[in-house]
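Each chain, letter by letter, is given below.
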Amino acid sequence: MNPEIDYYTSAQAWSASATVSLTDLFAAIRSDEFAPRILSIRQHLNDGLKLEAENLKRALPCVSLSGCVTGKRKNAATENRLAHSALLQIDLDAKDNVGWTVEEMRNIIINDPHSVGVFTSPSGNGVKGIIRIQPDPLTHKESFLAAEEYFAKMSLTIDQSCKDPIRLCFVSYDPDAWLRDGEAQEMQPASKTEQTMVLQDAAIEITLDDLKDMIAVIPRQDYSEWVKICSAAWNHFGEDATAILANHWPEDRPGEYAEKFRDRLERITIGTLWHHASNNGWKPSRTLKKALNEKREDKITTAISMPIDPVSDPADRRAFPAEDIYYDTPSGKYLVKNNNHYTVYGKRSPVVTGLTRHLAPQFSKPADLRDAVTETILNRELDGSVEWYGAMAGHARGLMKDHDGRQILITSEALIPQPVAGQTSLIDDIIIQAFPDPQALIVFISWLSTRYLAVRSHEHVPAPMLVVAGEVNSGKSLLAWIVAQMLGGRTANPHAAWSGGTLWNDNIVGAELLLVDDCVGSTDIRSRRNFGAAFKEAMYPHIIEMRKRNVSAISCRPVWSVMVCCNDTPEAMQIIPPVDNDLSDKIIILHCAPVVMPIDTSSPDGRKRLQADLRAEMPFFANELVNWQIPDDLKDSRSGIKAWRDPELSDSLDVHSPANRLLDLMVNSNWMDLPREFTALEVESRLLSMDSAVRDQARQLFTWSGACGSALAKLAKLPNSGVAVSSVDRTKKTNKYWINLRGD
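This is a predicted model, so every value here is computed, not measured. (Residues numbered from 1 in each chain as written. Predicted model: local features only at pLDDT ≥ 70, side-chain atom pairs only at ≥ 80, totals over all residues. Heavy atoms only, no water.)

Draft legend 1. Main features of the overall build of the chain. A tally of helices and strands in the chain yields 25 helices and 27 strands. The buried share among the 744 residues of the chain stands at 47%. Considering only intrachain contacts with a sequence separation of at least 6, the fraction spanning at least 24 residues in the chain is 70%. Accessible surface computed for the chain: about 35,600 Å², of which carbon and sulfur atoms make up 51%. Distance between charge centres in the chain, computed from 81 positive and 98 negative side chains, equals 4 Å. (Helix = DSSP H or I, 4+ residues; strand = E, 2+ residues; numbered from the N terminus. Buried < 20%, exposed > 50% of the residue type's maximum accessible area, 1.4 Å probe, protein only. Contact = heavy atoms within 4.5 Å. Areas by Shrake-Rupley, 256 points an atom, 1.4 Å probe, with all protein chains shown as cover. Lys, Arg positive; Asp, Glu negative; His and termini not counted. Charge placed at Lys NZ, Arg CZ, Asp CG, Glu CD.)

Next up, the structure:
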């Protein structure tokens, strides 16, 4: 399924500027085409600049996922100018789905048979899902209503705007954007009869007098909630509810209620009104209570008389064994095992229904079944309680305890290729081309072998950071992709969390490979040092602290590997932390030579073919990694592999270190009074003085108050640098340096 969709230069465009295929859209989203603009938006949001981020987002290109329009977008659906693509946009925003993580919402979409694709939204706080529906503009709204009801059963709320068939979707940047290979199952539109049953909720007879009592206790809400309450009343009673609503909440302008009735939210049921009234002290009458009890009895009786058949009907009617139910105490959510993942429910009712179906065959009386379900739920809230849930790199799915003994639930695990004997001619050809230096080739395979074995054994083993540097389009990203697939396919970029950009690091806990791929390097030595220090703290201690917004931190040990891909220019390699004494044994640097692809990868189909051929060999490659023997001269007792570095790249890094840059500045200044003694402040003042020939370069070097002193201290430790510590002022905690650049 590869339909064509309209492409717009921005959300303000009246008409499409081009037509693109769905696969081309996803290829662009996975690539770096929109990366700078999307990353800028996310950084603005992290900095609290919401208005600036919104302005940047509205300037992004857009697509109309549900098809192509002839002429202008406005009224295209009603004027029969829309060629429907059989796709429905599903927007799941964090603000509408409180407590859900982006990863959890992505997993729900990916594992649903109706799903065509999913990618992370431009803000990074939501997901854009795509499902398959009937390619008919006339049934688009009914298809949306069916999807809304479908996902509501999983406690997920879809943005109402998606009912518009010409709704625009902003492009994004998501290297892990998922697109289904085969055909998705078509979601059928909701029939008019089904809609009426949902909207009227005829099982409970609520009168207009009941409505009056309910409305009377509800104070005026904010606009969004007020519209929902009014819609709930109208959907149940029709226009007869308007007089009661207007009496309690007078119109702000004439005709307001008539207008809102026409545009009411059609999927809001009387349950919303019931919820608000109950929260404000309303109590149902005896007649209503009796009706509710009878409804519950009918549901339980139905569950008893129609138990689930696990062979012929497992997909449509799920049943929950008690041992598959867990309870997250911080959020109050239920987690239910669902094949190879866990479904999260924000409400108890779906869990009660699923458990009732499972227990129904054991009981003949509804009252006994109801009591058993209630007791089982209470027991699971206690015995199945967890204090954290989510994916954790390298760990098997299921219950475990963190370092402090708190029970946590791992909801997914890495699916690594399992070792099988066979030939790896394609993978071998790519790796040998990338690393023509035999030593670099051995180091790469040795490093990957230790990382694969760590993930396979679910045990973290410290390992050096692997840096792969090469020219543009040399194949670095392909190597990173191969590494990622061998470690389970889950990646995350740790640069923001580790360079001081954010306090939170929960976005990286579920990825076995922490990958920095062609990230813009920072010339600020503090940022690079932060990155190096955070890497060391993350990879080498026994435990680390995982910090997530609004959730208590947990102490755990993810099975991580760190890989950095960058160009081999001095500027691009500034992403690498300074290789000083603390990190000299913790960073591997390899040079990547250009790789000639065996398949033309200039098109999405070519890239898919290459990836399919590589995946076919990965079980054989896994077998090689399991049996790989690291040479004795590269073995390390702690991490298994020593931190070998390409000599030329290491020299380039040293030349561009802050210490050597400072030495060049002093040499080029031609100071005539050397040798003599200086403080760091005196050296900095000379280089920044108005008559200094290197003033501009010095300003770029001294970006923080201790930059000069730090560089002088490092020069003093280097042989033949011409800089030495001459005296130490213990009181002021400063050094004086004897500088002799003439060599005499």
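Draft legend 2. Quick peek at the pattern of salt bridges. Following the criterion strictly, the structure yields 19 salt bridges and no others. Ionic pairing is found between Arg167 and Asp91, a salt bridge with its closest N-O pair at 3.2 Å. Placement of the pair is Arg167 in the loop between helix H5 (140–152) and strand E9 (169–170) and Asp91 in strand E6 (residues 87–93), with a sequence separation of 76 residues. With relative accessibility at 24%, the residue Arg167 sits in the partly exposed group. Salt-bridge contacts for Glu225 lead to Lys228; the nearest nitrogen and oxygen are separated by 3.7 Å. With Glu225 and Lys228 both in helix H8 (residues 223–237) and 3 residues apart, this pair spans about one turn of that helix. For Glu225, a relative accessible area of 23% corresponds to the partly exposed category. (Salt bridge = Lys/Arg side-chain N within 4 Å of Asp/Glu carboxyl O.)

Draft legend 3. Local environment of the nonpolar core. Ranked by internal contacts, the top residues of the largest apolar core, which has 51 residues, are Phe435, Phe444, Leu479, Met563, Leu590 and Leu614. It is helix H16 (residues 438–457) that provides the largest number of residues to this core, a total of 10 residues. Apart from residues no more than four positions distant in its own chain, Leu614 is found in contact with Leu426, Ile427, Ile430, Leu478, Trp481 and Ile482. Residues Val516, Val562, Val564 and Leu653 belong to the second largest nonpolar core, which totals 38 residues. (Core = buried A, V, L, I, M, F, W, Y, C linked by side-chain atoms within 4.5 Å.)

Draft legend 4. Representation of the environment of Leu649 in the model. Looking at the element boundaries, Leu649 is found in helix H21 (residues 647–655). Apart from the residues lying within four places of it in its own chain, the contact partners of Leu649 are Ala469, Asp568, Met573, Ile589, Leu590 and His591.

Draft legend 5. Region of the structure containing the sheet that holds strand E13 (residues 341–345). With mixed pairing, 4 strands are arranged side by side in an open sheet as E13-E12-E11-E14. The strands lining the two open edges of the sheet, one partner per strand, are E13 and strand E14 (385–386). Summarising the sheet, strand E11 (residues 325–328) and E14 pair through 2 bridges and their orientation is parallel. Bridge pairing in E14 links Asp328 to Val386. (Pairing = 2+ DSSP bridges.)

Draft legend 6. Spatial organisation of the packing of H16 against helix H17 (residues 476–486). It is at 10 Å that the axes of H16 and H17 come closest, and there the two elements cross at 30°. Relative to H17, the element H16 lies roughly parallel. The interaxial crossing formed by H16 with H17 has right-handed handedness. Note on element contacts: H17 touches H16 through Leu479, Val483 and Met486, opposite Phe444, Trp447, Leu448 and Tyr452. Counted by class, the contact of H16 with H17 contains 7 nonpolar, no polar and no charged residues. (Axes fitted to C-alpha atoms, helices over the stretch in contact; angles between N-to-C directions. Parallel < 35°, antiparallel > 145°, perpendicular 65-115°, else oblique. Left-handed = near helix turned anticlockwise from the far one by under 90°. Nonpolar A, V, L, I, M, F, W, Y, C, P; charged D, E, K, R; others polar.)

Draft legend 7. Layout of the pairing of strand E20 (residues 513–517). Taking burial as the measure, the 5 residues of E20 include 4 buried ones, the bulk of the element. Relative to E20, strand E19 (residues 491–492) runs parallel, the two sharing 2 bridges. Residue pairing for E20: Ala492 is matched across the bridge by Leu514. When E20 meets strand E23 (residues 561–567), the two strands line up parallel, connected through 5 bridges. Looking across to E23, one finds that Asp517 is bridged to Cys565.

Draft legend 8. Examining the sheet that holds strand E18 (residues 465–470) more closely. Here 5 strands make up an open sheet; going across it, the order is E19-E20-E23-E18-E24 and the pairing parallel. In this open sheet, the two edge strands, each paired with only one partner strand, are E19 and strand E24 (587–592). Against the sheet, H16 contacts E18, E23 and E24, and its axis sits at roughly 130° relative to E24. Against the sheet, H17 touches E18, E19, E20, E23 and E24, its axis set at about 170° to E23.

Draft legend 9. Representation of the packing of H17 against helix H20 (residues 604–627) within the structure. Interhelical geometry of H17 versus H20 gives an angle of 60° and a closest axis separation of 10 Å. With respect to H20, the element H17 is oriented oblique. Crossing geometry of H17 relative to H20 is assigned as right-handed. Between H17 and H20, the residues in contact are Leu478, Trp481, Ile482, Gln485 and Met486 and Leu610, Gln611, Leu614, Arg615, Met618, Phe621, Ala622 and Leu625, respectively. For the contact of H17 with H20, the residue count by class is 10 nonpolar, 2 polar and 1 charged.

Draft legend 10. Quick look at the packing of aromatic side chains. All told, the structure shown has 16 aromatic pairs when counted by the stated rule. Between Trp274 and Trp282 the ring centres are 5.0 Å apart and the planes differ by 85°, which places this aromatic pair in the edge-to-face class. Judged by relative accessible area, which is 8%, Trp282 ranks as buried. When the centroid spacing of 6.3 Å and the interplanar angle of 70° are considered together, the rings of Trp498 and Trp560 count as edge-to-face. A residue pair is termed long-range when its members are at least 10 positions apart, and Trp498 in helix H18 (residues 495–498) and Trp560 in the loop between strand E22 (551–556) and E23 qualify at 62 residues. Across the pair, exposure class does not vary: Trp498 and Trp560 are buried alike. One aromatic cluster in this structure is built from Tyr223, Trp226, Trp234, Tyr257 and Phe261. A cation over a ring is seen here: Arg220 above Trp226, with NZ or CZ 4.7 Å from the ring centre. Between the NZ or CZ atom of Arg676 and the centre of the ring of Phe678, over which it lies, the distance is 4.2 Å. (Phe/Tyr/Trp six-rings, centres within 6.5 Å; stacked < 30°, edge-to-face > 60°. Lys NZ or Arg CZ within 6 Å of the ring centre and 35° of its normal.)

Draft legend 11. Spotlight on the environment of Asp582. Summarising the element assignment, Asp582 is placed in the loop between E23 and E24. Remark: the alpha-carbon pair of Asp582 and Gly532, spanning 50 residues in sequence, is separated by 9.0 Å.

Draft legend 12. Focus on unusual backbone geometry. Between Leu674 and the following residue, Pro675, the backbone shows a cis peptide bond with an omega angle of -5°. With respect to the helices and strands, the residue Pro675 is situated in the loop between helix H22 (658–668) and strand E25 (676–679). Positive phi, normally seen in glycine, also occurs at Ala86, with a value near 70°. Phi angles above zero are rare outside glycine, and Asn720 is one such case at about 60°. On the secondary structure map, Asn720 appears in the loop between helix H25 (707–717) and strand E26 (723–729). By relative accessible area, Asn720 is classed as exposed at 83%.

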